[in-house]
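# Results of the structural survey
These are the residues of each chain, in order.
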Amino acid sequence: MLLGLGVVGGGVARALTEKAARCAQRAGVPLVLRRVLVRDLERPRLLTLPEGLLTDDAEEALATDCDIVVEVLGGEHPATEYIERSLAKGHRVVSANKEVMAKHGARLLSLASERGGEIFYEASVGGGIPIISPLKRDLSANEIGSLRAIINGTTNYILTVMSGGVDFASALRDAQQLGYAEPKPANDIDGHDAAYKLAILASLAFHTKLHPDDVYREGITRLTPRDFRYAAELGYAIKLLAIARRDGNAIEARVNPALVPQGELLAKVDGVLNAVQVEGDLAGRVLFQGAGAGALPTTSAILADVLDAAGSIAQGGRPSPWRYTSDIPVKPMSELVSRYYIRVEVADRPGVLAGIGKAFGDNGVSIASVIQKETDEKAQTAEIVIMTHAAREAAVQTSIQQVESLDVVRQVGNFLRVED
Ligand code: HSE
């Protein structure tokens, strides 16, 4: 049974009908689409499905006698409730819903194992990139040290355009015209989407229950073409990174724009592509890269889960439950240790650098380099770019506040963490 017939739902329905013979061969049982829940029965559709398959009555759809429920409605409600009701009946549920899995995944996984069902969610992160299954299975023997990812295609597209000298508003408009960014883009550009996906991945990587509210989040709206230019001169690209990293008995969990050395593979992931880099104690560094969204790549992930679910039903196997083995606290952001890039707009006068240097020095932050940029002799202003050595976030934030209060400083234009 299929809940939702939008772009992704349509792709799944098409594949299930057009590739029925191949699906049956791979699953070992025939797969028959019994019911499809849609919002509007009257809406014209390109896909012709057998008469009577569609319904706009959720109760009727949920009462369908079936083994597998595929949820592609998106959004938190009513998808969460529909998934819960299906799992309570012992069904296998396949979901592409990152918001539901990030916020309610732990509860849904435990409900599934209580009732003998299972929830599959490969499509919830990274579209067609296999990443949930590798974390659950292929890398399960590893102690994961870190996971660093570009998991929002819209923002990666915008940042790629900005790296060519375009300002944020124009790059966003471009992404909207191409259909990558929503008319209301906050979910992507403020980092919510990436935080949901990071919560899902980190929960698997560290066998812990990480809620998206515990992920520190910064979006991309503060970036300017100048940041990209200065970063490039220093040998870095700027990417919105989702990072989860083991640090002793805690984990770092954050989504923020970061300077990434140009030689790193993640720095070369451009446009709407996504990539996830996992570092395990046995496997070493592994990189997954590909299309993170779109009807066909998402259908690829959903259909694989459907085949998996059907195969396990055909074998009569009881699904093995997902086990959380630890409850790891998230390290407060103030304790993060990183290098920093700071861009400051100042009056071009004697003693400015001494004042700024003192603010950082007083807080124990060591400066690695200072470059003066964009001097405007007429206005007697200049822009300086500071790179620090590794320092504690709290000390850098205090230094920035003190720098901002200096009367020779017009403003701190931006500050970014460096992911060396
Ligand atoms: N809005 C998401 C992105 C796609 O831009 O990557 C769906 O997760």
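Owing to the predicted nature of the structure, the values given are computational and were not obtained by experimental measurement.

### Notes on a nonpolar patch on the surface
- Together, Leu-178, Tyr-180 and Val-272 make up an exposed nonpolar region whose accessible area comes to about 240 Å².
- Structurally, Tyr-180 is set in the loop between α8 (168–177) and α9 (186–189).

### So, the environment of Gly-145
- Within the fold, Gly-145 resides in strand β7 (residues 144–150).
- As for Gly-145 and Gly-248, which are separated by 103 residues in sequence, their C-alpha atoms are 10.0 Å apart.
- Apart from residues lying up to four places away in sequence, Gly-145 is in contact with Phe-206, Ala-244, Arg-245, Arg-246 and Glu-279.

### Here's the deal with the site of the ligand
- With respect to spatial proximity, the complete set of residues near the ligand consists of Lys-98, Asn-152, Gly-153, Thr-154, Asp-188, Asp-193, Lys-197 and Ala-293.
- Contact between the ligand and Lys-197: an oxygen atom at 2.8 Å from a side-chain N or O atom of the residue.
- A total of 260 Å² of accessible area belongs to the ligand in isolation, and the protein chains cover 78% of it.
- Of all the secondary structure elements, the ones that give two or more residues to the shell around the ligand are α7 (153–162) and α10 (192–205).
- Tallied by class, the residues present in the shell around the ligand amount to 1 nonpolar, 3 polar and 4 charged.

### Examining the packing of aromatic side chains
- A complete count under the given rule lists 1 aromatic pair for this structure.
- A centroid spacing of 5.0 Å and a plane angle of 65° characterise the contact between Tyr-157 and Tyr-180, whose relative ring orientation is edge-to-face. In this pair, Tyr-157 is assigned in helix α7 and Tyr-180 in the loop between α8 and α9, connecting sequence segments 23 residues apart.

### Things to note about the nonpolar core
- Counting 80 residues, the largest nonpolar core has Leu-135, Leu-147, Ile-158, Leu-259 and Val-278 as its most contacted members.
- Looking at this core, the element that brings in the most residues is α10, giving 10 residues.
- In this structure, Leu-147 is in contact with Leu-135, Leu-198, Leu-201, Ala-205, Ala-242, Ile-243, Ala-244, Val-276, Gln-277 and Val-278, ignoring residues within four places of it in sequence.
- In terms of nonpolar packing, the next biggest core, distinct from the first, is built from 28 residues, Val-12, Leu-16, Ala-27 and Val-38 among them.

### As for the layout of surface pockets
- As a volume, the largest pocket reaches approximately 1600 Å³.
- Lining the largest pocket are 50 residues; nearest its centre among them are Val-8, Leu-73, Gly-74, Lys-98 and Glu-182.
- For the lining of the largest pocket, the elements supplying multiple residues, two or more each, are α1 (7–18), α5 (98–115), α7, α9, α10 and α12 (295–315).
- In terms of residue class, the lining of the largest pocket is built from 21 nonpolar, 17 polar and 12 charged.
- Counting the residues that make up the lining of the largest pocket, at least three belong to each of domain 1 (2–120 + 295–314) and domain 2 (135–291).
- Estimates place the volume of the second largest pocket at around 640 Å³.
- Residue lining of the second largest pocket: 27 residues in total, with Glu-118, Phe-120, Ser-133, Lys-136 and Asp-308 positioned closest to the centre.
- Among the secondary structure elements, those contributing two or more residues to the lining of the second largest pocket are α5, β6 (118–120), α6 (132–138) and α12.
- Of all the elements, α12 adds the most residues to the lining of the second largest pocket, at 6 residues.
- Of the residues in the lining of the second largest pocket, the class split is 13 nonpolar, 8 polar and 6 charged.

### Examining the domain arrangement of the chain
- Here the chain is partitioned into domain 1 (2–120 + 295–314), domain 2 (135–291) and domain 3 (335–418).
- Domain 1 and domain 2 are separated by 28 Å when their C-alpha centres are compared.
- In this complex, domain 1 contributes 8 residues to the contact, which on the side of domain 2 involves 11 residues.
- On the domain 1 side of the interface with domain 2, the three residues burying the most area are Lys-98, Ala-102 and Lys-103, jointly 61% of the side's total.
- The tally of links from domain 1 across to domain 2 stands at 1 salt bridge.
- With a closest N to O distance of 2.9 Å, Lys-98 and Asp-193 form a salt bridge.
- Scanning the region where domain 1 abuts domain 2 turns up 1 residue pair in polar contact (both at pLDDT 80 or more).
- Among the elements that line the side of domain 1 that touches domain 2, the one with the most residues is α5, at 6 residues.
- Taken together, the residues of the side of domain 1 that touches domain 2 break down into 5 nonpolar, no polar and 3 charged.

Criteria and cut-off values
- Residues numbered from 1 in each chain as written.
- Predicted model: local features only at pLDDT ≥ 70, side-chain atom pairs only at ≥ 80, totals over all residues.
- Heavy atoms only, no water.
- Patch = residues over 30% accessible without salt bridge, like charges linked within 9 Å, V, L, I, M, F, W, Y side chains within 5 Å.
- Areas by Shrake-Rupley, 256 points an atom, 1.4 Å probe, with all protein chains shown as cover.
- Salt bridge = Lys/Arg side-chain N within 4 Å of Asp/Glu carboxyl O.
- Helix = DSSP H or I, 4+ residues; strand = E, 2+ residues; numbered from the N terminus.
- Contact = heavy atoms within 4.5 Å.
- Near = heavy atom within 4 Å.
- Polar contact = N/O pair within 3.5 Å; in protein donor to acceptor, adjacent residues only side chain to side chain.
- Nonpolar A, V, L, I, M, F, W, Y, C, P; charged D, E, K, R; others polar.
- Phe/Tyr/Trp six-rings, centres within 6.5 Å; stacked < 30°, edge-to-face > 60°.
- Core = buried A, V, L, I, M, F, W, Y, C linked by side-chain atoms within 4.5 Å.
- Buried < 20%, exposed > 50% of the residue type's maximum accessible area, 1.4 Å probe, protein only.
- 1 Å grid on protein atoms, 1.4 Å probe; cavity = no way out; pocket = protein on both sides within 12 Å on 5 of 7 lines; lining within 4 Å.
- Points joined across faces, edges and corners; volume = space filled by probe spheres on them.
- Domains from an automatic or database assignment.
- Buried area = accessible area lost by both parts, 1.4 Å probe.

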